[in-house]
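Residue-level listing of the chains:
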Amino acid sequence: MARSVWKGPFVDGYLLNKAEVSRASGRNEIIKIWSRRSTILPQFVGLTFGVYNGKKFIPVQVTENMVGHKFGEFSPTRTFNGHSADKKAKRG
Amino acid sequence: MTKRVLLGEIGRPHGVRGLVRLHAFTDDPMAIGRYGALTDATGTRSFAVQPLPGGLGRIEGIADRDAAARLTGTKLYVAREKLPPSTDPDEFFLCDLEGLSAFDADGKALGTVRSVEEYGAGAFLVIQDGARELLVPFTKAAVPAVDVAGGRVTVVPLPEVVVEPRPGEEAA
């Protein structure tokens, strides 16, 4: 069921504060978080988070397209070992 | 010895005319037919594979079900040189990155690139050093130099800030 609009998006408050401090400092750092339930807000764009998946902190580079999704969506909790074949990775 | 890349695997036979299920590991499943003849694990047999819609494939010279069934489970490889060179200097084949040695800016060994993973939020390198695992975002800031020919990457691990959940919040 959809969340009521009047409540606004859910985000853990301490996470918002930490992101603001990190953005203000201008340092390129990984913010390790456990809060997979928090919504990605526009304030987070450009920051890099390490989102815990129960075992390790998966690096999540926040872009505009990710706003509105939850952090947990980008940090899968199950292992999938694919083949590299002809796949490419682009350095951001 | 030339490096070979696993592109797919022949599955079970389909029908009586020699078609097979084709498990393509390529980015585009139809691309498995673009690299010419593929070889098996030993490199002795080669197969001209034509991918068909619906996950099927036709192999040149295979015209009946029994012959197709004998190939079930055969892995299909291609020589690394047959993959087209990348036009973007910041774009790398995963097979090139895997196995590179990772060093920090001072030249200290950090381990070996075990894999490159991407879950929709930017690619990252998984660097293995014994039991220790280091996850590094694949960005110019964190990975300033990639020397595929030299077999090494330079990694500058980003500083980490831990945001501890408050009591009771970690269980939610």
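Since this is a predicted model, take the numbers as computed values, not measurements. (Residues numbered from 1 in each chain as written. Chains lettered and ligands numbered in written order. Predicted model: local features only at pLDDT ≥ 70, side-chain atom pairs only at ≥ 80, totals over all residues. Heavy atoms only, no water.)

1. Thoughts on the UniProt feature "domain: RimM N-terminal" (unreviewed entry) in chain B
- Under the present numbering, the feature "domain: RimM N-terminal" (unreviewed entry) in UniProt falls on residues 7-81 of chain B.
- When the span residues 7-81 of chain B is considered, its composition is 8% helix and 41% strand, and the gap between its end C-alpha atoms is 13 Å. (UniProt positions renumbered as here; feature names shortened; annotations may be inferred. Helix = DSSP H or I, 4+ residues; strand = E, 2+ residues; numbered from the N terminus.)

2. Observations concerning the nonpolar core
All names here are of chain B.
- Counting residues in each nonpolar core, the largest one holds 24 residues, and the members touching the most others are Leu 7, Ile 59 and Leu 76.
- For this core, the secondary-structure elements that each account for two or more residues are strand E1 (4-14), strand E2 (19-24), helix H1 (65-70) and strand E7 (75-79).
- Among residues more than four places away in sequence, those in contact with Leu 76 are Val 5, Leu 6, Leu 7, Gly 8, Glu 9, Ile 10, Leu 22, Ile 32, Leu 38, Thr 39, Phe 47 and Val 49.
- Grouped together as the second largest cluster of nonpolar side chains are 22 residues, Leu 100, Val 116, Ala 123 and Leu 158 included. (Core = buried A, V, L, I, M, F, W, Y, C linked by side-chain atoms within 4.5 Å. Buried < 20%, exposed > 50% of the residue type's maximum accessible area, 1.4 Å probe, protein only. Contact = heavy atoms within 4.5 Å.)

3. Digging into the pairing of strand E12 (residues 132-137) of chain B
Residues and elements named next belong to chain B.
- Two strands pair when backbone bridges link them, and strand E11 (residues 123-129) and E12 are joined in this way by 6 bridges, in the antiparallel orientation. What sits directly across from Gln 128, in E12, is Glu 133.
- The antiparallel hairpin formed by E11 and E12 contains 2 residues in its connecting segment, where Gly 130 sits at a positive phi of about 65°. (Pairing = 2+ DSSP bridges.)

4. Section: the side chain of Thr 39 of chain A
- Its place among the elements puts Thr 39 of chain A in the loop between strand E1 (30-33) and strand E2 (48-52).
- Setting aside residues no more than four positions away along its own chain, Thr 39 of chain A makes contact with Pro 9, Phe 10, Val 11, Phe 44, Gly 68, His 69, Lys 70 and Phe 71 of chain A.

5. As for the pattern of salt bridges
Residue and element names in this part refer to chain A.
- In this structure the tally under the stated criterion is 12 salt bridges over all chains.
- Between Arg 37 and Asp 12 there is a salt bridge; the shortest N-O distance is 2.9 Å. Taken together, the residues Arg 37 in the loop between E1 and E2 and Asp 12 in the segment before helix H1 (13-25) connect sequence positions 25 residues apart.
- Taking the relative accessible area as the measure of exposure, Asp 12 reaches 4% and is therefore buried. (Salt bridge = Lys/Arg side-chain N within 4 Å of Asp/Glu carboxyl O.)

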